[in-house]
Amino acid sequence: MVKTFVGAGLAVSVVGIVLAARCSGTAHAAEVAGTPGPSANLTGGPTFNKDVAPIVFEHCASCHRPGEVAPFSLLTYADVKKHAKEIDQVITSRQMPPWRPEHGYGDFIGERRLTDGQIDTLEGWLKSEKAEGNAADLPAAPKFPQGWQLGEPDLVLKMPEAYTVKAEGRDEFRIFVLPLNLTEDKYVEAVEYRPGNRKIVHHALLYLDTSGRAKQLDDADPLPGYGHGGGLGFMPSGGLGGWAPGVTPRRLPDGIGRLVKKGSDLVLQTHFHPSGKVETEQSTVGLYFAKKTPQKLFISTMQIGGRLDIPAGEKNYETSRSFVVPTDVKLSGVFPHAHLLCKEVQVTATLPDGKELPIIWIKDWDWDWQDEYLYQHPIDIPQGTKVFMRFRYDNSADNPRNPTTPPRRVRWGEQTQDEMALVFFQILIDRQMADLITPRGRGIARGQGAAGGGDRRQFIFQKLMEAARRNGTAPTNDSKPKEAGEGK
Ligand code: HEC
């Protein structure tokens, strides 16, 4: 969204921000203490320092500070007071802090959400005299780690050359290939992506390529990286998550890793949003390897959520699809994907005993805030579970996000103005299964979606089944580790 990035212009160092916040906070408090102003302290009403600051520092300041993604800072009494009216509106509508999945449909790590009590507290203050209160009550200004959030990575990759993004015009997707030069397979437990220029980097997705195809495409393009509409141009052999504003890097739980095969390239798909000035970007990625070989691998299985052929002007187009899970799996995360016309994504599971399990529900799909959502506790999904995926789209002129005026018929495609209906299910598998699930051949990148499914749809599940048959064991999470190298 345009306004997101227009405001994020000031590139101030984080140290600077924290100090500035401290100084202005205390200086201001001292100044106001002497002014006649609000009598809240006398009446015992809510104050900024005691009631509001702790909430705003914890839930808003990570993005609402200089150099970050939000259009203004919320670090001081003056900041918050100045934006009081808008804040009132965005917290009651739960538009802020931004978090798309519906509360209660999946218990996700890192959920950004104010409790009802916190909203009441903020409301109470916003509707009062908006007193600042005692300086002594003001909590320490929030500190944000500088540099790598998880400490020094084991491997740091940097885009070999900076890429220049034009001042104006449409958003751009650009793909950059970063050779990993690994001489052995590695297990990654955390990844941190750091954009070089937050004014223009909207979000980034990290893929792996063992085919060399991404490198070829890059070599064929004279500029750094290559463009492929909204798509990739190759079938990724894996993924390493993504980055969007506000995303905090996290380590996978002990004993779980993402496999990165030797010879893989890391492929960054970056979404750029022009800032009004010519800008350059040179991103850095840090990888943290598991210290011990993990027993479980975190892998992604892609499912197509339905066929798409959306008539021009159609306000409420729905598509859905279900599939039956052919083997026991542990579901660790979910990553729905659609483009600009999408309004709603819902995924539910019906267990063999008839129990309904919410997987994720995004009632107000926002292409700007896509994320990989990880469950607090991986969910056991037994064989025979029926998973239902539903997507809803608005292809009318009333949809402010509709990229085409007047609306046109929209079908499946990789370009931003095409649509998609995909759900990546992140499941945990035994490490020994790894060789069996490396995808080969065509895939999402070659318009597999247009065909709408069939055999490839359950590619990984099939591989798991085959492996189970070969091993004479069901590949559940309790299955005994097998020696690598068997099968195939
Ligand atoms: C993860 C980052 C993030 C967090 C956390 C966050 N915001 Fe925002 N906020 C944004 C961005 C980005 C925008 C710009 C509008 C947009 O893209 O939705 C914004 C816009 C706003 C606006 C202007 C709304 C408008 O319509 O222009 C207000 C007010 C606001 N935020 C208040 C808050 C408050 C209060 C909190 C904490 C309770 C908060 N935000 C937490 C990122 C964040």
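**Notes on the overall build of the chain**
Next, step 1: Assigned secondary structure in the chain consists of 10 helices and 20 strands.
Next, step 2: Looking at the chain residue by residue over its 488 residues, the buried ones come to 40%.
Next, step 3: Excluding contacts between residues fewer than 6 apart, the proportion of contacts in the chain whose partners are at least 24 apart in sequence is 84%.

**Thoughts on the sheet that holds strand S13 (residues 317–324)**
Next, step 1: On the basis of which strands lie adjacent, the open sheet formed by four strands has the order S13-S18-S15-S16 and antiparallel pairing. Edge strands, defined here as strands with exactly one partner in the open sheet, are S13 and strand S16 (356–362). Adjacent strand axes in the sheet meet at a mean angle of 10 degrees when their direction is disregarded.
Next, step 2: In this structure, strand S15 (residues 342–350) lies alongside strand S18 (residues 386–393), joined through eight bridges in antiparallel fashion. Paired with Val-345 across the two strands is Phe-391, which belongs to S18.

**Overview of the sheet that holds strand S1 (residues 155–158)**
Next, step 1: Spatially, S1-S10-S4-S7-S11-S20-S14-S17 is the arrangement adopted by the eight strands of the open sheet, whose pairing is mixed. Since the sheet does not close on itself, it has two edges, and those belong to S1 and strand S17 (373–381), each with one partner. This sheet shows a mean twist of 45 degrees between the axes of neighbouring strands, independent of strand direction.
Next, step 2: Across two bridges, the pairing between strand S7 (residues 256–260) and strand S11 (residues 296–304) is parallel. Each bridged residue has a counterpart across the sheet, and for Gly-257 the counterpart in S11 is Leu-297.

**Describing the nonpolar core**
Next, step 1: Val-191, Leu-206, Leu-266, Val-267, Leu-268, Val-285 and Val-334 are the most contacted members of the largest nonpolar core, which totals 78 residues.
Next, step 2: Ranked by the residues each element gives to this core, the list is headed by strand S5 (residues 201–209), at six residues.
Next, step 3: Excluding its chain neighbours within four sequence positions, the residues that come into contact with Leu-206 are Val-191, Tyr-193, Gly-239, Leu-240, Gly-241, Gly-242, Leu-266, Leu-268 and Val-285.
Next, step 4: Within the second largest apolar cluster, 18 residues are counted, among which are Ala-53, Leu-75, Tyr-77 and Ala-131.

**Structural notes on the packing of helix H6 (residues 84–92) against helix H7 (residues 116–126)**
Next, step 1: Between H6 and H7, the shortest axis-to-axis distance is 10 Å and the interhelical angle comes to 155 degrees. The pairing of H6 with H7 is recorded here as roughly antiparallel in orientation. As for the relative orientation of H6 and H7, their crossing is left-handed in sense. Contacts between H6 and H7 involve Ala-84, Ile-87, Asp-88, Ile-91 and Thr-92 on the former and, on the latter, Ile-119, Leu-122, Glu-123 and Leu-126.
Next, step 2: Looking at the contact of H6 with H7 residue by residue, the class counts come to six nonpolar, one polar and two charged.

**Focus on helix H4 (residues 48–59)**
Next, step 1: Of all 12 residues making up H4, nine are buried, and the element is well covered by its neighbours.
Next, step 2: Within the span of H4, buried status applies to Phe-48, Asn-49, Lys-50, Asp-51, Val-52, Ala-53, Val-56, Phe-57 and His-59.

**Some remarks on the pairing of strand S10 (residues 284–289)**
Next, step 1: In this structure, S1 lies alongside S10, joined through four bridges in antiparallel fashion. If you follow Val-156 over to S10, its bridge partner there is Gly-286.
Next, step 2: As paired elements, strand S4 (residues 186–194) and S10 share six bridges and run antiparallel to each other. Within S10, the position partnered with Ala-190 by the bridge is Tyr-288.

**Here we look at the packing of H4 against H7**
Next, step 1: At a minimum axis distance of 10 Å, the contact between H4 and H7 shows a crossing angle of 135 degrees. Between H4 and H7, the crossing angle belongs to the class labelled oblique. By crossing handedness, the relation of H4 to H7 is classed as left-handed. Residue-level contacts link Phe-48, Asp-51, Val-52 and Ile-55 of H4 to Gln-118, Thr-121, Leu-122 and Trp-125 of H7.

**A closer look at the environment of Ala-290**
Next, step 1: Tracing the backbone through its elements, the reader meets Ala-290 in the loop between S10 and S11.
Next, step 2: Since 19 C-beta atoms lie within 10 Å of it, Ala-290 is described here as partly exposed.
Next, step 3: Not counting chain neighbours up to four residues away, the residues in contact with Ala-290 comprise Tyr-187, Glu-189 and Gly-257.

**Brief notes about unusual backbone geometry**
Next, step 1: Residue Met-96 is joined to Pro-97 through a cis peptide bond whose omega torsion reads -10 degrees.
Next, step 2: For Pro-97, the position within the fold is in the loop between H6 and H7.
Next, step 3: A positive phi angle, near 60 degrees, is found at Lys-130, a position not held by glycine.
Next, step 4: Along the chain, Lys-130 falls in the loop between H7 and S1.

**A closer look at the confidence of the model for the chain**
Close inspection of predicted coordinates is inappropriate for parts of the model with low pLDDT.
Next, step 1: Chain-level statistics for the chain give a pLDDT mean of 81 and a share of 80% at 70 or above.
Next, step 2: Contacts for the low-pLDDT stretch residues 1–41, under 50 throughout, to residues beyond four places or in other chains number 66 contacts.
Next, step 3: When the criterion is pLDDT under 50, residues 471–488 qualifies, and its contacts beyond four places in sequence or with other chains add up to 27 contacts.

**Remarks on the environment of Gln-432**
Next, step 1: Take Gln-432: it is sitting in the loop between strand S20 (422–430) and helix H9 (448–451).
Next, step 2: Given 21 C-beta atoms within a 10 Å radius, Gln-432 is considered buried.
Next, step 3: C-alpha of Gln-432 to C-alpha of Gln-295: the two residues are 137 residues apart in sequence and 8.2 Å apart in space.

**Focus: the environment of Ile-360**
Next, step 1: You can see Ile-360 is positioned in strand S16.
Next, step 2: Each C-alpha atom of the pair Ile-360 and Gln-346 lies 5.9 Å from the other, and the pair is 14 residues apart in sequence.
Next, step 3: For Ile-360, the contacting residues outside a window of four places in its chain are Pro-101, Tyr-105, Gly-106, Val-334, Pro-336, Val-347 and Tyr-373.

Calculation criteria
Residues numbered from 1 in each chain as written. Predicted model: local features only at pLDDT ≥ 70, side-chain atom pairs only at ≥ 80, totals over all residues. Helix = DSSP H or I, 4+ residues; strand = E, 2+ residues; numbered from the N terminus. Buried ≥ 20, exposed ≤ 12 C-beta atoms within 10 Å, placed from the backbone. Contact = placed C-beta atoms within 7 Å. Pairing = 2+ DSSP bridges. Axes fitted to C-alpha atoms, helices over the stretch in contact; angles between N-to-C directions. Core = buried A, V, L, I, M, F, W, Y, C linked by C-beta atoms within 7 Å. Parallel < 35°, antiparallel > 145°, perpendicular 65-115°, else oblique. Left-handed = near helix turned anticlockwise from the far one by under 90°. Nonpolar A, V, L, I, M, F, W, Y, C, P; charged D, E, K, R; others polar. pLDDT = per-residue confidence, 0-100.

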